[in-house]
Amino acid sequence: MENLIALLVAAPLLGAAVLLCGGRRLDRVGHWIGTALAAASFVLGLVLFGAMLGYDVEARTMRQHLYTWVPVEGFQGDIAFQLDQLSMTFVLLITGVGTLIHLYSIGYMEHDERRRRFFGYLNLFLAAMLLLVVADNYLLLYFGWEGVGLASYLLIGFWQHKPSAATAAKKAFIVNRVGDIGLSIAIMLMFTTFGTFAFGPVLGAAGDATEGKMTAIGLMLLLAACGKSAQVPLQSWLGDAMEGPTPVSALIHAATMVTAGVYLITRSGAIFNAAPDAQTAVVVVGAVTLLFGAIVGCAKDDIKKALAGSTMSQIGYMILAAGLGPIGYAFAIMHLVTHGFFKAGLFLGAGSVMHGMNDEVDMRKYGGLRKYMPVTFVTFGLGYLAIIGFPGLSGFFSKDKIIEAAFASGGTQGWILGTVTLLGAGITAYYMTRVMILTFFGEKRWQPAPDPDKAASVEPGIEVTPGAVSDHAADASGPHPHESPKSMTIPMIVLAFGSVFAGGFFSIGDRFVNWLEPVTQFEHPHPPISVPVITGMTVVVLLAGVAIAYLQYGRGPVPVVAPRGSLLTRAARRDLLQDDFNHVVLVRGGEHLTRSLVYVDHTLVDGVVNGTAASVGGLSGRLRKLQNGYARSYAVSMFGGTAILIAATLLMRAV
Amino acid sequence: MNPVNYLYLAALLFTIGAAGVLIRRNAIVVFMCVELMLNACNLAFVAFSRMHGNLDGQIIAFFTMVVAAAEVVVGLAIIVSLFRSRHSASVDDASLMKL
């Protein structure tokens, strides 16, 4: 059974290899190959999950040693896998949600002539992410980590003919590189401290090492997590990453990529437990990002960018929970899983809306779509209720636990974190309600297509065949919203089920926490105020957020052109000036630095070099004059030399 | 007669020869000055031979004469061919150096 772990990674990797190397003759079946291999990986994951459940709680970790990658004395790099409860959770999330997104992409990318390549990249993404979570040492994890970065680059820039997409891909890649430096430094520090990369020895010995070293490693791991999980200060790539096709956004935001940072911190829990300062830094990053993403999400009119802000914010919740230590790890992962369901659902819903609206992303040009896209409306709506934490749905259970854990972290810190998470919940409710109202309710603000026949064919309730969709997409005269094909709606429906029931299912008897406990440990949080009160406050804040959004957008017509807005709104529209900050501080600073370096190079370094050369040249120019070709001047030197020699001889003799 | 006087004469002759080599431009004159220096040396050798009472200096003087004779042959040949090619016997004109 344990030998199947490698196949988990190998299946999507094979898909990527076949699809990317197979050439055009696979164009007609490529998407099915990709989806089938992703599904195969999921089935394999389920089989392993079943096997794991059959083992004793203490003996659930499965290991597979494939071969030794770097067989050097004192530097052992293994291709070895470790599948424990934490990895298993990720494997099921990645392959499950990933397969649904593959399925969805079949419909979404139907008209893209590079669809085969797209599926190849999707498979590569899954393979890299799976490698990341089943690796049993940090070196192999790093390999998967870089693979995820590569795949995200390829997918964000998939529509490379658009300069904005190409730029966004580069931006994501470069910002991620900054984080990757953190991971590589952390791994080097681990090697110098422990002499190994394997999870077992490193995490086992983490408590014995000095706190300073653990803090350094922890902070470097945090930097890495910030890059991959789009946390402040490395968050700027996430919004631009929306340039990629929508299924990619769903994949990045729900199942892969941004979850890697949370995985890294949870996996390295022992290191963070031994470094309270690093934990504090994690918590601060999480709390800041939580509010940052939420504020950005409030101001965006682009539906995908609003969702991107919400991802940033939700990942902030997870990072915050992971920074709280053993009381938070399990809740971070639980929120990650439920978030995987509803965020994938929301993104696929957004993609479905765009699919029907000629790729329009401005929510101010939507409106009233619930009549035209009933399935999308319902699934998106359930995802919406889940993400705001509506009682009974997934997000409620997982987010409420994080808020409790935040309050329970003790002292002033607990009150601050609790307030921040509560506030975040309120803002989440506000901006998601805003997205919901702008998209599906109110008056329609788009100009319908002029042809009445076509408009009639997209009445709700009438099943639209893929052929009909292609007709619509070919016609660019104006949007005529319609429900998406089955291959797109089915994944949305499945994810909506997850959004509704996953949280409750996990919470019954704390089964999710118990499941993860052998890996992450668990301390029961004891908040200073009783749990029902916290839950009550959460619900109140949530309803307040919804109410404010309703008062602002639900009652009157929404202007198609965005109003100027307050200073904060304008800043939030520009991602709270993150790019401006980066531009002024990093780009300009870098330019000034290079300019001054060039100046130093020109004056000082070149000065020394050129000066040496010039003085040697001048000297030799003067020496050259001695060789003037006049026999008598040579004779003078001969006489002079002889005279000196004789004088010297006589002098020596005299002495 | 005190042999030291011969040494003074030799020194005088040598100095005249050296000055001629350094100052004059005509190759023939320079050449003659070189011969003058050689003969000044010969005179000094012979005088030293006399002073020390052995024949070493005289033998060296003969060697010098032989070498000088060979030198004259080669030197005059060079000067003649130089004159033929440049129509001048000036030693300065023989310089091909760029300055």
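Residues numbered from 1 in each chain as written. Chains lettered and ligands numbered in written order. Predicted model: local features only at pLDDT ≥ 70, side-chain atom pairs only at ≥ 80, totals over all residues. Heavy atoms only, no water.

The name recorded for chain B in an unreviewed UniProt entry is NADH-quinone oxidoreductase subunit K, from Streptomyces agglomeratus. For chain B, the Subunit (unreviewed entry) comment in UniProt is given as "NDH-1 is composed of 14 different subunits. Subunits NuoA, H, J, K, L, M, N constitute the membrane sector of the complex." Quoted verbatim from the Sequence similarities (unreviewed entry) field of UniProt, the annotation for chain B is "Belongs to the complex I subunit 4L family." (UniProt positions renumbered as here; feature names shortened; annotations may be inferred.)

Looking at an unreviewed UniProt entry, chain A carries the name NADH-quinone oxidoreductase subunit L, with the source organism given as Streptomyces chryseus.

S.K.: Provide a residue-level description of the overall build of chain B, including the pertinent values.
M.R.: For chain B, the count of helices and strands is 3 helices and 0 strands. Reading chain B from its N end, one meets helices and strands in the order α-α-α. The C-alpha atoms of chain B give 17 Å as radius of gyration, which overshoots the globular expectation for 99 residues (13 Å, by more than 25%). Out of the 99 residues belonging to chain B, those deemed buried represent 30%. Sequence-distant contacts in chain B: of pairs separated by 6 or more residues, those separated by 24 or more amount to 57%. Approximately 6,600 Å² of chain B is accessible, and the part contributed by carbon and sulfur atoms is 72%. Of note, chain B has its 6 positive side-chain charges centred 8 Å away from the centre of its 5 negative side-chain charges. (Helix = DSSP H or I, 4+ residues; strand = E, 2+ residues; numbered from the N terminus. Rg over C-alpha atoms; globule rule 2.2 N^0.38 Å. Buried < 20%, exposed > 50% of the residue type's maximum accessible area, 1.4 Å probe, protein only. Contact = heavy atoms within 4.5 Å. Areas by Shrake-Rupley, 256 points an atom, 1.4 Å probe, with all protein chains shown as cover. Lys, Arg positive; Asp, Glu negative; His and termini not counted. Charge placed at Lys NZ, Arg CZ, Asp CG, Glu CD.)

S.K.: Run through the confidence of the model for chain A, naming residues and quoting values.
M.R.: The share of residues in chain A with pLDDT of 70 or more is 95%, and the mean pLDDT across the chain is 88. Within the model, the stretch residues 452-476 of chain A combines pLDDT values under 50 with 28 contacts to residues more than four positions away or in other chains. (pLDDT = per-residue confidence, 0-100.)

S.K.: I'd like a rundown of the UniProt feature "transmembrane region" (unreviewed entry) in chain B, residues and numbers included.
M.R.: Residues and elements named next belong to chain B. Look at the UniProt record and you will see "transmembrane region" (unreviewed entry) annotated at residues 6-23, 28-48 and 60-83. This span, residues 6-23, is 100% helix and 0% strand, and a straight line between its end C-alpha atoms measures 25 Å. For residues 28-48, helix accounts for 100% and strand for 0%, while the C-alpha atoms at its two ends are 30 Å apart.

S.K.: Before we move on, can you summarise the interface of chain A and chain B with the specific residues and values?
M.R.: Facing the 10 residues of chain A at the interface are 12 residues of chain B. A combined buried area of about 1,000 Å² lies between chain A and chain B, and 68% of that area is made up of carbon and sulfur atoms. Per-residue buried area on chain A facing chain B is highest for A:Tyr630, A:Arg632 and A:Phe639; these three make up 51% of the total on that side. Run the count over chain A and chain B and you get 1 salt bridge. Across the pair A:Arg632 and B:Asp92 runs a salt bridge, and its minimum N-O distance is 2.3 Å. The tally of links from chain A across to chain B stands at 1 residue pair in polar contact (both at pLDDT 80 or more). With 5 residues, the single largest contributor to the side of chain A that touches chain B is helix 26 (residues 631-654) of chain A. (Buried area = accessible area lost by both parts, 1.4 Å probe. Salt bridge = Lys/Arg side-chain N within 4 Å of Asp/Glu carboxyl O. Polar contact = N/O pair within 3.5 Å; in protein donor to acceptor, adjacent residues only side chain to side chain.)

S.K.: Please set out the pairing of strand 1 (residues 62-72) of chain A residue by residue, giving values where relevant.
M.R.: Residue and element names in this part refer to chain A. Relative to strand 2 (residues 75-83), strand 1 runs antiparallel, the two being bridged by 9 bridges. The partner of methionine 62 across the bridge, within strand 2, is leucine 83. The antiparallel hairpin formed by strand 1 and strand 2 contains 2 residues in its connecting segment, where glycine 74 sits at a positive phi of about 80 degrees. (Pairing = 2+ DSSP bridges.)

S.K.: Tell me about unusual backbone geometry, and name the residues and values.
M.R.: Residue and element names in this part refer to chain A. Residue proline 233 is bonded to the preceding valine 232 through a cis peptide linkage, with omega at 10 degrees. Relative to the helices and strands, proline 233 resides in the loop between helix 8 (211-228) and helix 9 (236-240). Non-glycine residue methionine 257 carries a positive phi angle of around 60 degrees. Note on placement: methionine 257 falls in the loop between helix 10 (246-255) and helix 11 (258-267). Exposure remark for methionine 257: the relative accessible area of 0% places this residue in the buried category.

S.K.: So what about empty space enclosed by the protein? Which residues, and what values?
M.R.: Residue and element names in this part refer to chain A. Applying the stated criterion across every chain, the model contains 2 cavities of 30 Å³ or more. What the largest cavity holds in volume is close to 40 Å³. Lining the largest cavity are Gly239, Val296, Lys300, Lys305, Ala308, Gly309, Met312, Asp575 and Gln578. Taken together, the residues of the lining of the largest cavity break down into 3 nonpolar, 3 polar and 3 charged. (1 Å grid on protein atoms, 1.4 Å probe; cavity = no way out; pocket = protein on both sides within 12 Å on 5 of 7 lines; lining within 4 Å. Points joined across faces, edges and corners; volume = space filled by probe spheres on them. Nonpolar A, V, L, I, M, F, W, Y, C, P; charged D, E, K, R; others polar.)

S.K.: Give a description of the side chain of A:Gln314 that names residues and reports values.
M.R.: All names here are of chain A. As for its placement among the helices and strands, glutamine 314 is situated in helix 14 (residues 303-323). The class of glutamine 314 is buried, set by a relative accessible area of 0%. Reaching out from glutamine 314, the side chain makes a polar contact with the side chain of histidine 335 at a distance of 2.9 Å. The residues touching glutamine 314, leaving out its near neighbours within four places in the chain, are His335, His339, Lys343, Ile387, Lys399, Thr428 and Tyr431.

S.K.: So what's going on with the environment of A:Pro518? Residues and values would help.
M.R.: All names here are of chain A. With respect to the element layout, proline 518 can be found in helix 22 (residues 511-520). Placed 269 residues apart in sequence, proline 518 and serine 249 show a C-alpha to C-alpha distance of 33 Å. Apart from residues lying up to four places away in sequence, proline 518 is in contact with Val57 and Gln85.

S.K.: Give me the lowdown on the packing of aromatic side chains, citing residues and values where you can.
M.R.: All names here are of chain A. This structure, assessed with the given rule, holds 22 aromatic pairs over all chains. Look at phenylalanine 75 and phenylalanine 197: their rings are 5.2 Å apart centre to centre, the planes differ by 75 degrees, and that puts the pair in the edge-to-face class. You can see phenylalanine 75 sitting in strand 2 and its partner phenylalanine 197 sitting in the loop between helix 6 (163-194) and helix 7 (199-205), a full 122 residues away along the chain. For phenylalanine 197, a relative accessible area of 3% puts it in the buried group. Between phenylalanine 377 and phenylalanine 441, the ring centres sit 5.6 Å apart and the planes meet at 80 degrees, which makes this aromatic pair edge-to-face. Here phenylalanine 441 lies in the loop between helix 18 (411-440) and helix 19 (452-456) and phenylalanine 377 lies in helix 16 (residues 374-388), a separation of 64 residues in the sequence. Looking at phenylalanine 377, the relative accessible area reads 21%, which means it is partly exposed. According to the relative accessible area criterion, phenylalanine 441 is partly exposed, its value standing at 30%. Taken together, the ring pairs in this structure connect Phe118, Phe119, Tyr121 and Phe158 into an aromatic cluster. Its end group placed over the ring of phenylalanine 505, arginine 511 keeps NZ or CZ at 4.3 Å from the ring centre. The lysine or arginine in question, arginine 632, covers the ring of tyrosine 630, its NZ or CZ lying 5.1 Å from the ring centre. (Phe/Tyr/Trp six-rings, centres within 6.5 Å; stacked < 30°, edge-to-face > 60°. Lys NZ or Arg CZ within 6 Å of the ring centre and 35° of its normal.)

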